[in-house]
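Structural description and commentary
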Amino acid sequence: MAEQKHEVWGLFRSTYPIHMGTLLQVRWIQCDLGVNTDELEPVDVIVHSATVHPYSRQLPNAVDYVNSNINATRNLLDFAVSCSAKLFIYLSTVAIHGNVFVHELREKTPQHEPDLLGMTKYLAERIVETYADRVPSVILRLPGVVGPELLSLGRPWLCGVLKKALSHEPIKIYNGDSPFNNVTDLTDIGKLITLLMEHWTSGVDIFNLATREALPLRQVVQNIIHQTQSSSEIIEEKIDKNNFFINIENILSQLQFTPKTTEAMIQNFVQANCSI
């Protein structure tokens, strides 16, 4: 967005962002959204991605989840109303569903035993909806997010697969015939945000974001092994666990947004993280 000549402010709470020195177009502000937003200046568009999760630098407790995922969202929405923001985009997660027992995950699929992350993100979504008459809003439910320089994090699952492929280590998978599109990348998220900035003007809605054209899980791993010229062996096991793919019909039809295919995104992900 900064490259498109938008003025972009990035917020961080305590730890300086690792790309702070390279994103020179971004104005960085230290702020704890769970406490207040007094230091913020009026803006037109807010993209709220801040969260705590099981992989945070410090393992969060229940209070951390509430402060970050609920209180911070409410405070930021109040700020959006106060400055008459034109759009509020909330980056949520498919984890709000908890344990998934269907093969095709839709926006209206019922929840089943979500963890603290899923519960608090779900409650934050409901808070966003209550502000819809005061600030136009969109809730994007994200799967695993990939991009450059993410291998050290070890997540999402694809990062672990690529690390093992680069080290020629065995790669264990489960239910290899299951369709997989549980991934998106920073580029598609950015393009979708740009589209919403141009066209979303009122109300609120929820959209799943993932890749098009799901691939069998086994083929995903095979593609990574082939692209990295790895000698890794796939060790496959069948387990009694449900695998699902993410339905993105709403984002295709209502927003006219076309994400990358699963195959293309995997290829881009590998290229971005190794010199092949």
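Before going into details, it helps to say that this report is about the structure given with it.

Definitions and limits used
Residues numbered from 1 in each chain as written. Predicted model: local features only at pLDDT ≥ 70, side-chain atom pairs only at ≥ 80, totals over all residues. Heavy atoms only, no water. Phe/Tyr/Trp six-rings, centres within 6.5 Å; stacked < 30°, edge-to-face > 60°. Buried < 20%, exposed > 50% of the residue type's maximum accessible area, 1.4 Å probe, protein only. Lys NZ or Arg CZ within 6 Å of the ring centre and 35° of its normal. Pairing = 2+ DSSP bridges. Helix = DSSP H or I, 4+ residues; strand = E, 2+ residues; numbered from the N terminus. Axes fitted to C-alpha atoms, helices over the stretch in contact; angles between N-to-C directions. Expected span 1.5 Å × (residues − 1). Arc of directions from axis to C-beta.

Tallied over the entire structure, the rule returns 2 aromatic pairs. Ring plane angle 90° and centroid distance 6.0 Å describe the contact between tryptophan 200 and phenylalanine 207, whose orientation is recorded as edge-to-face. When its relative accessible area of 16% is taken as the criterion, tryptophan 200 is described as buried. For phenylalanine 207, a relative accessible area of 0% translates into the label buried. It is arginine 126 that lies over the ring of tyrosine 122; its NZ or CZ is 4.4 Å from the centre. Across from the ring centre of tyrosine 131, 4.3 Å away, lies the NZ or CZ of arginine 134, which sits over that ring.

Bringing the sheet that holds strand β3 (residues 45-48) into the picture now. Strand order in the open sheet formed by 4 strands is β3-β4-β6-β11, with parallel pairing between adjacent strands. Two strands close off the open sheet at either side, each with one partner strand: β3 and β11 (204-208). Neighbour to neighbour, the strand axes of the sheet diverge by 15° on average, direction disregarded. In the sheet, strand β6 (residues 137-142) pairs with β11 via 5 bridges, with the strands oriented parallel. Opposite leucine 140, over in β11, you have phenylalanine 207 as the bridge partner.

Attention now moves to helix α7 (residues 262-273). Along an α-helix, a turn takes 3.6 residues, which lines up residues three or four apart on a common side. Between its terminal C-alpha atoms α7 stretches 17 Å, which fits the 16 Å expected from 12 residues at 1.5 Å a residue. Taken together, the buried positions of α7 are occupied by Thr262, Met265, Ile266, Phe269, Val270 and Asn273. Angular distribution of buried residues about the axis of α7 spans 135°; they occupy a single face of the element.

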